[in-house]
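Residues per chain are reported as follows:
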Amino acid sequence: MVWIEELSHVVLSAVIAIEDFINKKQQFQKISWMRPSTEFVSAFGFGKLKYEDKLAMEMDKTCAKIQNLSIHRPTTVNPQGQSSNPSNRIPSQPTMQEPNLASFRDDVLAMIARLITEDESFRVIPIVGMEGIGRTTLAKLIFNHQAVIDHFPFGVWTSDGCQFHLPHKEKIMEYDISGLGREWSHEEKLQRLKAFIINNRSLIVLDDSHFSHLLLLVLLQDPLNGSRMILTSCKTWLPLNLNMKSDPHHLWLRTDEESWALFTHALNVSIPPELLKLKEKIAKTCGGLPLLIVKLAEELSHKDATIEDWSTVVQHFYHDQQQLWSNTLLKIHKDLSLYMRRCLYYFTLFPQDFNIPARRLIALWVAEDLVQPKGDNETPEDVAERCLNLLIAQGMVQLTKKKLNGNVKMVRLPDALRQYWLSKAQQATFHGVHTNTRSELSLGTNKIRRLIDHLDKEDISFLHIHGAYESKPGEEVGNFVHHGISSGCFLMLLVLDLENVFRPKLPEAIGKLTQLRYLGLRSTFLETVPSSISNKLKLQHDANFPTILQTLCGVFVVEETPIKDGLDKLLSIRKLGLTMSHKQGVMSLQLQAVVDWVLKLNQLRSLRQSINENNQPLELELKPLVSHVNLSYIYFPGRLRNPSILSQFPCSLIDLTLSGSGLVEDPVQSLEKLPNLRSLKLLAKSYLGKKMVCSLGGFSQLRVLKLWKLEQLEEWDVEKGELQALRDLEIRFCTSLKMLPAELQARTLLKIEVKAM
């Protein structure tokens, strides 16, 4: 019988341990006549244990194995010698209210992907974040998730390291518990828990631990059965031995979409359509902090559902929430470096409640030298991006909108923190000239470094820019910039950011801004730029200096466009977007010039090739891009002459879109090996085959998958356990596809959209 064989193996292991103990003791007595002193076992690590302690640990393991075999002693035996046993899954700690899954979907999936792995060693994953951010809520969602229940037969939940919630304790512990009133010592509970965990793959949740019971970590380092522990704490620092086990999962403030989902869940009543206009106000008032969101929902649930009543509650709630942010402000005073404070000051240059594009903020930080790289292998943009992510992780900045691939798209300073940073920025004279009346602003001799137009008629700079009458914004800005340059007050300008200003009339005098490091013309719809800018770039070319231009998008390439010995001199490009002419024959040399240029762009992060003006894709003969270690985004609408290029994409690739590629072999076989790919879009005629297979172990990070107009695709197989990180699946007009893969149909956290399948 299997049970008898396992029991024999346990007994043999005990005999070997005892013999080893006797041999080592005899050897030690020969070496020294002195008995070694008792050694201290630190709560933060084992240290060097005596041989007696090692024997005791082996005996603990043996006892645990025997207890486990006793629990699972077969009651009936089938002809093959296999015993039948009941399920031993330990139910989770009961909760008063089911947490909202939609608000924490990304976090739950990310944590489950880290918990359910083939690694048999014991791992600890801390969940850290500020007070009220939902650490316990996330832990409960994970603990109760069906995939976790299926993977971990046993679960243990403890709050503040004091109470261990274990059902059927009379079976798990060495002795029966006849009365609920019996009290155990903390150390005794830990030892019993250790004995149980050794032979049972378990998930342990140490909620709100404050890392005060790290002895538990020491006791649980032995099991090699895939057990995991989740720690929740408001502390962002971690002990050194904990860092070696696993990186923490930082819980961020909720996005606007997640905030609204949590609010409607907590409100638990239907919202009249006329009150939906308060959606944006409610989301911004709470600053993405779950505790505030739930609290506001509870207050509104007791009020009449009218605009007047709700608006009054929201307004008062805004003024009463400052105390909940006090710990975050304390952390700012205590831990934040000077350069990160200055980065936070920059948020106050934007209007209140303004969603700032992350790429715009990073570019502005770099232009004003707010961040500095420490080594040759990193760029200022890398440092700025890391700084922004750190501010988000610590709850000082709210991520308001994510890209489909999970990256940061829009950010905002929570209102409760904005007033604090606005006052600090003014005290530090970060804003330069700070005045209260129009008369105090002089455009004569002052050297202005930054001037912000918030389109507020009460602002002192409004009349200077817009005048006292309504006119075209492009002309207004052009006249104002010309006046500022000619008067000499703009000559120290580092940044001129005109994003979203419709066709600003840039003066020729802009060439005099010799200190200018950033010229933002995104979404301006400019057709030409002043010759002074062109001449400045040309002089840099003639001097054999690569220009500092980093973003070049919307360029329409025709036969006469100077690519070779022209645009290919721009070697600092990080984001490139081109549209090619439809004249395929005469454009072959230009296409080759573009390909050669791309190969020289070592800093390239985003490459987008748009379809031509006739909405027709081009035939592309790309060369291997594996050496472009920074490239994370590729969009290719065109037939690929060399399909093998798919296996030569860089490992850094995060987002890939293919359209009209004409691939006849399954592209998934190559693309699923990309370790960081999070978003894959296979659009019209990108794949012409009939079958697609997702193998186990591939697409470890894929969050978004879109299949559009793959009209010949009939069968799609997904192996069991594959695509665990997938959040969004969209299938459109794949008319021959018979059914969804069975592996994906039961995924509770997967958002599936199917149209014309």
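Computed from a predicted structure; not experimentally measured.

A. Structural detail: the environment of R114. If you trace the backbone, R114 turns up in helix α3 (residues 105-115). Overall, the relative accessible area of 28% leaves R114 in the partly exposed class. For R114 and S246, which are 132 residues apart along the polypeptide, the C-alpha to C-alpha distance reads 9.6 Å. Residues in contact with R114, not counting those within four places in the same chain, are I125, R228, S246, D247, P248 and H249. A distance of 2.5 Å separates a polar atom in the side chain of R114 from the backbone oxygen of D247.

B. Fine view of the pattern of salt bridges. This model, assessed by the stated rule, comprises 25 salt bridges. A salt bridge links K402 to D106, with the nearest nitrogen and oxygen atoms 3.0 Å apart. Of this pair, K402 sits in strand β8 (residues 398-402) while D106 sits in helix α3, and the two are 296 residues apart along the sequence. Look at K402 and you get partly exposed, because its relative accessible area is 25%. Note that E385 and R605 form a salt bridge whose closest N and O atoms lie 3.5 Å from each other. Pair noted here: E385 is in helix α17 (residues 380-393) and R605 is in the loop between α22 (588-599) and β14 (606-610), with a separation of 220 residues, a long-range link. Each of D106, D107, R254, E258, K402, R703 and R727 takes part in a single network of salt bridges with overlapping partners.

C. Structural context of a positive patch on the surface. A cluster of like positive charges, contributed by K401, K403, K409 and R522, occupies part of the molecular surface. Here K409 shows up in strand β9 (residues 408-412).

D. Molecular detail of helix α10 (residues 256-267). When the terminal C-alpha atoms of α10 are compared, their 16 Å separation across 12 residues agrees well with the 16 Å that a helix rising 1.5 Å per residue should span. Those residues of α10 lying buried are D256, E258, S259, W260, L262, F263, A266 and L267. A positive backbone phi angle near 60 degrees is found at N268, which sits one or two residues after α10.

E. Representation of the packing of aromatic side chains. This structure, assessed with the given rule, holds 9 aromatic pairs. When the ring of F143 is compared with that of W157, the centres are 5.4 Å apart and the planes differ by 80 degrees; the resulting orientation is edge-to-face. One end of the pair, F143, is in helix α4 (residues 135-143); the other, W157, is in strand β2 (residues 154-159), with 14 residues separating them in the sequence. The burial state of F143 is the same as that of W157; both residues are buried. A centroid spacing of 5.6 Å and a plane angle of 65 degrees characterise the contact between Y345 and W421, whose relative ring orientation is edge-to-face. Of the two residues, Y345 is situated in helix α15 (residues 338-345) and W421 in helix α18 (residues 415-427); the sequence distance between them amounts to 76 residues. Relative accessible area serves as the criterion here: at 1%, W421 is assigned to the buried category. Counting every residue linked through ring pairs, the aromatic cluster contains W260, F263 and W310. Looking at R608, its charged tip hangs above the ring of Y635, at a distance of 4.0 Å from the centre.

F. A look at unusual backbone geometry. Its identity as a non-glycine residue notwithstanding, D565 has a phi of 60 degrees, on the positive side. With respect to the helices and strands, the residue D565 is situated in the loop between β12 (551-557) and β13 (575-580). Accessibility expressed as a relative area gives 61% for D565, which makes it exposed. A positive phi angle, near 50 degrees, is found at F699, a position not held by glycine. With respect to the helices and strands, the residue F699 is situated in the loop between β19 (691-694) and β20 (704-708).

G. Broad picture of the confidence of the model for the protein chain. Mean pLDDT over the protein chain: 75, with 69% of residues reaching 70 or higher. The element-level mean pLDDT for the protein chain is lowest in helix α6 (residues 169-172), coming to 36, with strand β18 (residues 679-682) highest at 96. A low-confidence stretch, residues 75-97 (pLDDT under 50), is modelled with 39 contacts involving residues beyond four sequence positions or located in other chains. With pLDDT under 50 throughout, residues 161-185 is counted as low confidence; its partners more than four residues away or in other chains account for 50 contacts.

H. Region of interest: the sheet that holds β9. Strand order across the open sheet formed by 3 strands is β7-β9-β8, with antiparallel pairing between neighbours. Taken across any chain shown, the strands that pair with only one partner, and hence form the sheet edges, are β7 (356-357) and β8. As judged from the 4 bridges shared by β8 and β9, these two strands associate in the antiparallel manner. For L399, the partnering residue across the bridge sits in β9 and is V411.

I. How the structure looks around the nonpolar core. With 87 residues, the main nonpolar core has F263, F347, W365 and L388 as its most contacted residues. The dominant element in this core, judged by the number of residues it contributes, is helix α16 (residues 358-367), at 7 residues. Sequence-distant contacts of F347, defined by excluding residues within four places in its chain, comprise I356, L361, W365, L388, V397, V411, R412, L413 and R418. If you look at the next biggest cluster of nonpolar residues, it comprises 58 residues, including M580, V594, L705 and C734.

J. Spotlight on the packing of α10 against helix α11 (residues 279-286). Relative orientation of the contacting elements α10 and α11 amounts to 100 degrees, with a least axis distance of 9 Å. Considered as vectors, α10 and α11 are oriented roughly perpendicular to each other. Within the contact between the two elements, α10 uses D256, S259, W260 and F263 and α11 uses K279, I282 and A283. Classifying every residue of the contact of α10 with α11 by side-chain character gives 4 nonpolar, 1 polar and 2 charged.

K. View of the packing of α15 against α17. Between α15 and α17, the least distance of the axes is 11 Å, while the angle of their chain directions is 80 degrees. Regarding the angle of α15 to α17, the classification is roughly perpendicular. Across the interface between the two elements, Y339, M340, C343 and L344 from α15 touch C387, L390 and L391 from α17. Taken together, the residues that form the contact of α15 with α17 break down as 7 nonpolar, no polar and no charged.

Basis of the calculations
Residues numbered from 1 in each chain as written. Predicted model: local features only at pLDDT ≥ 70, side-chain atom pairs only at ≥ 80, totals over all residues. Heavy atoms only, no water. Helix = DSSP H or I, 4+ residues; strand = E, 2+ residues; numbered from the N terminus. Buried < 20%, exposed > 50% of the residue type's maximum accessible area, 1.4 Å probe, protein only. Contact = heavy atoms within 4.5 Å. Polar contact = N/O pair within 3.5 Å; in protein donor to acceptor, adjacent residues only side chain to side chain. Salt bridge = Lys/Arg side-chain N within 4 Å of Asp/Glu carboxyl O. Patch = residues over 30% accessible without salt bridge, like charges linked within 9 Å, V, L, I, M, F, W, Y side chains within 5 Å. Areas by Shrake-Rupley, 256 points an atom, 1.4 Å probe, with all protein chains shown as cover. Lys, Arg positive; Asp, Glu negative; His and termini not counted. Charge placed at Lys NZ, Arg CZ, Asp CG, Glu CD. Expected span 1.5 Å × (residues − 1). Phe/Tyr/Trp six-rings, centres within 6.5 Å; stacked < 30°, edge-to-face > 60°. Lys NZ or Arg CZ within 6 Å of the ring centre and 35° of its normal. pLDDT = per-residue confidence, 0-100. Pairing = 2+ DSSP bridges. Core = buried A, V, L, I, M, F, W, Y, C linked by side-chain atoms within 4.5 Å. Axes fitted to C-alpha atoms, helices over the stretch in contact; angles between N-to-C directions. Parallel < 35°, antiparallel > 145°, perpendicular 65-115°, else oblique. Nonpolar A, V, L, I, M, F, W, Y, C, P; charged D, E, K, R; others polar.

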